[in-house]
Amino acid sequence: MKQIVITSGKGGTGKTTVVSALARIVKSKVLVDADVDAANLEIVTNPKLLISEPYSEGLKAFIDTDKCIKCDICRQKCRFSAIIINAQGNYEVTDYSCEGCKVCELICPVEAVSLNEVSSGLIKHSHTPFGNLWHGELFAGRDNSGKMVMHLRQKGKDEALDKKADWILIDGAPGIGCQVIASITGVDAAIAITEPTLSAIHDMRRIIELTSNFKVPVGIVINKVDINPSLVLEIKDWARSMKLPILAEIPIDRRIVKFMIQRMSPIEIGDEFLTGLYESIWNNFLEIL
Amino acid sequence: MIVSVASGKGGTGKTTVAVSMAIAAAPVTLIDADVEEPNANILLRASKHDATDFSVPFPIVDPLRCDYCEKCAEFCAYNAMIVLKGLKVFAAPEICKSCGGCILVCPKDAISEKPRKMGLINYYSRLNVNLIEGEINVGEAVAKPLINELFRRLPEGNDVIVDCPPGSAHSVVESTRSADFVVLVTEPTPFGLHDLIEALKVTDSLKKPVGIIINRSDIGDDKIEILSKEKSIPILMKIPYSSEIASKYSQGIPPAEFSDYWREEFIKLWHNIMEIV
Amino acid sequence: MLFAISVLENKPDSNLDPTFGRAGAFVIVDSDSGEIIETINNPNVNAAGGAGYATAQMLANKGVKAVITGSLGPNAYNVLNAAGIKAYYNSGYSAVDQVAKDFSAGKLKPIEQSLGRGRRHSGNF
C-alpha cells in the first residue's frame, strides 16, 4: 500500500480535478480529502455518506464568572490575547483565539478556569463509485491545525490495510502550513500541480522545498499550459535542474469546467486526447516510484 | 477604512483583486496576510525597501538546573517538550506555541526564553501602494502569530487593503477581524459556491458587511448569483474570463495596471465600498 | 539489549510498519533471549505534529538501544541519536519474527543519517 498526495502550494491550480480523474483511473484505492477547510472532492465523486461523526480538535478555556475575582492575571499571562473583558465587565475567553495551552487554568488563584472539549468539525466516511472516501468538514473559523487531516489519513490507512488496497490518494490543501505538512508527512510520493503563472511557480517552489525536506519524491503536472507558453518552458528548465519529472501538460479546455458543474471528471468528457493526458499522469508517475 | 479580500477557495483571484484595488485606491497600505504563500508582490512588482525578522519566544532549558522531573512535558498541551531522562530536555521548535507554560511549571527555574526566527516581514512600495508582507519559513506550521503581528504594524489613519489566506479557518478570522468590509472573490463553479458558503459563515459570525466579486464570471453556472439574491449580498463586480487577463497575470501584471477600463472599474469598486461602509 | 520494531498492529505477530513516528504500534524484543517482552500501542498515531519526536522519546525512555523501521524523519533521528539509540532499516511489510531474526543475524543495514533535512531547526541540537 502506498500513500500519494496531490499538492500545489497555490490554490485553484486544479488539484481536486486531477484527483477526480485519478479516482477514475487508479484501481484499488482509498480516497482522502485533506483539504478540510474547503473540502471539494465530495462534489466530484458522487459520495453516499456512510458515517458522519463529530470531531474535537482540542480543549478551550472557559471562565466561571461566579468564581472569577477579576484579578486580571490570566489576561496578562495569555500569550494569545484570548482573554477579554466583555461588555458586562466580565472576563471571557474568545473561543477563536484560545489555543488550549492551560496557562490561565494554572495561574488562576481561585480555580475559576476550566478546559472543555470543543466540537470543531465532522469526520465523514462515504462510499463512492471509485472507492471509499474519508473527508472532513472543519467548522468555519476553527483552527486548521492538521490534527483532523492526520485523523482522516489514519482512518484511510486503516481501511486501506484492512481491504488490502494498493493506494491511498490524498487531495491536499493549499499553503505550506500545518494542514499541508500533515498531508505530506509519511507519504510515499507527491504530485505537484502547477500552472504557468509567476504566482503558481513561486508557490510550487515553496511546496517542493517542503516535500524535499521530508524526502518525498515529486512529479509535476503543468495545468492550463496555454496561459503562458514561455513560462511553461521555464518550469521545465527548472524541473530539469531539480531533477523533477514532468508528468503531464494539460491545456485549458472549457469542457473541463462544464463537466465539473455536472459533478463529473475530465475523464467523462470522453475525449481520447484528454483521457490519455490524465492517464499519462498516472503512468508516468508509476515510473518515478 | 480596512477592506479585507478573502475567498473560501484558493486560486479564485483574491490577490488580483486586492492588488488592482490597491493600485486604484492609492495612496493605500496593502497587507499580504497569506503568509504561507505571499503573492501580492508578484503582481505589485515593487522593490523591497526594508525587511525585519519575525521571531517568537522559545523555551531554552538550562541542563545544570534541570533535574528531569518532566513537569514541563506533562503540562505542555502540544507535546512540544522532549525529555530524554538524564540526557537532555528541549522544546521542539515548530510544535511549541510559545505559551510560556513550561516556564511557569518548572520547579527549578531551569527554563528561560530566547527569540526564535520563524519568518520575515517585508516592506515594499510602488505606485503609491505600501505593501507589508508576511512570509513564514518553509517548515513552520503555525502562521497565526505572524498574521497578528502584521496588523500591529498598520500605519495610523491610512486606508488598508488586506490580501487574506484562502479557506475559512482561523487564519481567515485573524485577517478579517479588524476589517470594515470584506470582499469575497469566487468563481461560478460548484467548488467556488461551496467554499463561498463556508467563507460567509466566517463573515456572518464576525458580523462583517460583505460583497461578492465573481471572477471568470462566464465559465460556469448562475448559482452564485442566486445565492447573492437570496442572502441580499451585493455583487460588486464580475470579471469575465479573458486570455489577456490570464496571460498578463501569469507575468505578474494586474488588470488595473495594463487596462484603463479595469483601472476605472476598480476605482468605481473602491468608491462603491466606501459608500457602503 | 532491548530493540523495538515499528509494526502495524498491537500484537506479537504483526507486520512491520514502514513509518516510524506514526507507526501503529511497537514490538519490543530482548536480543539475548529473542523473546518479545512487550507490545505497545503508539499514542502518537494521530498527533498533528511532532510524532517523530514523541515516539522517539517514548522508546528512549523505555530503554531500547536499537530501532528497526522503514524510514526515519530528521526529528526522530535526532532524538534517537541524542539518546544513543541506533536505527536499522527494513523495507516493506515483513513479518515481525523474520525482522527480529534478520536483525539478530546482523543482516539489517543501519540508517546512518536522517532521510530528510527536516523542518528547520533553530540550533537546539
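Residues numbered from 1 in each chain as written. Chains lettered and ligands numbered in written order. Predicted model: local features only at pLDDT ≥ 70, side-chain atom pairs only at ≥ 80, totals over all residues. Heavy atoms only, no water.

All right, on to the environment of A:Ala39 then. Following the sequence through the fold, A:Ala39 ends up in the loop between β2 (29-33) and β3 (48-63). Expressed as a C-alpha distance, the spacing of A:Ala39 and A:Met260, which sit 221 residues apart in the sequence, is 15 Å. Apart from residues lying up to four places away in sequence, A:Ala39 is in contact with A:Asp33, A:Gly136 and B:His194. (Helix = DSSP H or I, 4+ residues; strand = E, 2+ residues; numbered from the N terminus. Contact = heavy atoms within 4.5 Å.)

Here the focus is the interface of chain B and chain A. Each partner contributes residues to the interface: chain B has 60 residues there, and chain A has 59 residues. For the pair chain B and chain A, the two sides together bury roughly 4800 Å², of which 56% comes from carbon and sulfur. By the criterion of area lost to chain A, the three top residues of chain B are B:Glu37, B:Val138 and B:Phe191, representing 15% of everything that side buries. One salt bridge in this structure joins A:Asp143 and B:Lys144, with 3.3 Å as the shortest N-O distance. (Buried area = accessible area lost by both parts, 1.4 Å probe. Salt bridge = Lys/Arg side-chain N within 4 Å of Asp/Glu carboxyl O.)

What follows covers the sheet that holds strand β9 (residues 189-194) of chain A. Residues and elements named next belong to chain A. With respect to topology, nine strands assemble into an open sheet ordered β3-β6-β7-β2-β8-β1-β9-β10-β11, the strand pairing being mixed. Each edge of the sheet is formed by a strand with only one pairing partner; in this case those strands are β3 and β11 (246-249). With direction set aside, neighbouring strand axes in the sheet form an average angle of 20°. Across three bridges, the pairing between strand β10 (residues 218-222) and β11 is parallel. Looking at the pairing, Val-221 lines up with Ala-248 of β11. (Pairing = 2+ DSSP bridges. Axes fitted to C-alpha atoms, helices over the stretch in contact; angles between N-to-C directions.)

Further remarks concern the packing of aromatic side chains. All told, the structure shown has eight aromatic pairs over all chains when counted by the stated rule. Relative to C:Phe103, the ring of C:Tyr88 has its centre 5.1 Å away and its plane inclined at 70°; by these criteria the two rings are edge-to-face. Of this pair, C:Tyr88 sits in strand β5 (residues 86-89) while C:Phe103 sits in helix α3 (residues 96-104), placing them 15 residues apart in sequence. Both residues of the pair, C:Tyr88 and C:Phe103, count as buried. Among the aromatic residues, those joined into a ring-pair cluster are A:Trp167, A:Trp282 and A:Phe285. The ring of B:Phe75 is capped by A:Lys102, whose NZ or CZ atom sits 4.8 Å from the centre of that ring. (Phe/Tyr/Trp six-rings, centres within 6.5 Å; stacked < 30°, edge-to-face > 60°. Buried < 20%, exposed > 50% of the residue type's maximum accessible area, 1.4 Å probe, protein only. Lys NZ or Arg CZ within 6 Å of the ring centre and 35° of its normal.)

This brings us to the pairing of strand β10 (residues 210-215) of chain B. Residue and element names in this part refer to chain B. Counting buried positions along β10 gives six out of six residues, so the element sits mostly inside the fold. Residues Val-210, Ile-212 and Ile-214 of β10 are buried on one face, and the alternating residues Gly-211, Ile-213 and Asn-215, pointing to the opposite face, are buried as well. By the bridge criterion, five bridges tie strand β9 (residues 181-186) to β10 in an arrangement that is parallel. Looking at the pairing, Thr-186 lines up with Ile-214 of β10. Crossover β9 to β10 through helix α7 (residues 190-205) is right-handed. Note that β10 and strand β11 (residues 235-239) share four bridges and pair parallel. Across the sheet, the residue bridging to Ile-213 is Met-237, located in β11. For the segment spanning β10, helix α8 (residues 223-230) and β11, crossover handedness is right-handed. (Right-handed = clockwise from strand over helix to strand, strands pointing away.)

Residues and elements named next belong to chain A. Interaxial distance between helix α6 (residues 198-213) and helix α7 (residues 229-241) falls to 11 Å at its minimum, and their mutual angle equals 15°. With respect to each other, α6 and α7 are oriented roughly parallel. Here α6 runs over α7; the crossing is right-handed. Facing α6, whose interface residues are Leu-198, Ile-201, Met-204, Arg-205 and Ile-208, α7 presents Leu-231, Ile-235 and Trp-238. A breakdown of the residues in the contact of α6 with α7 according to their chemical character gives seven nonpolar, no polar and one charged. (Parallel < 35°, antiparallel > 145°, perpendicular 65-115°, else oblique. Left-handed = near helix turned anticlockwise from the far one by under 90°. Nonpolar A, V, L, I, M, F, W, Y, C, P; charged D, E, K, R; others polar.)

Now for the sheet that holds strand β1 (residues 2-6) of chain B. Residues and elements named next belong to chain B. What the nine strands build is an open sheet, ordered β3-β6-β7-β2-β8-β1-β9-β10-β11; its pairing is mixed. A strand with exactly one partner marks an edge of an open sheet, and here the two such strands are β3 (47-61) and β11. Strand-to-strand twist in this sheet, taken as the mean axis angle between neighbours without regard to direction, amounts to 20°.

It is worth spelling out the nonpolar core at this point. Counting 80 residues, the largest nonpolar core has A:Ile207, A:Ile208, A:Leu210, A:Ile220, B:Val162 and B:Leu184 as its most contacted members. If sequence neighbours within four positions are ignored, B:Val162 has contacts with B:Ile2, B:Val3, B:Ser4, B:Val5, B:Ile31, B:Ala33, B:Phe151 and B:Ser175. Counting 66 residues, the second largest nonpolar core, distinct from the first, contains A:Cys108, B:Phe75, C:Ile28 and C:Val79. (Core = buried A, V, L, I, M, F, W, Y, C linked by side-chain atoms within 4.5 Å.)

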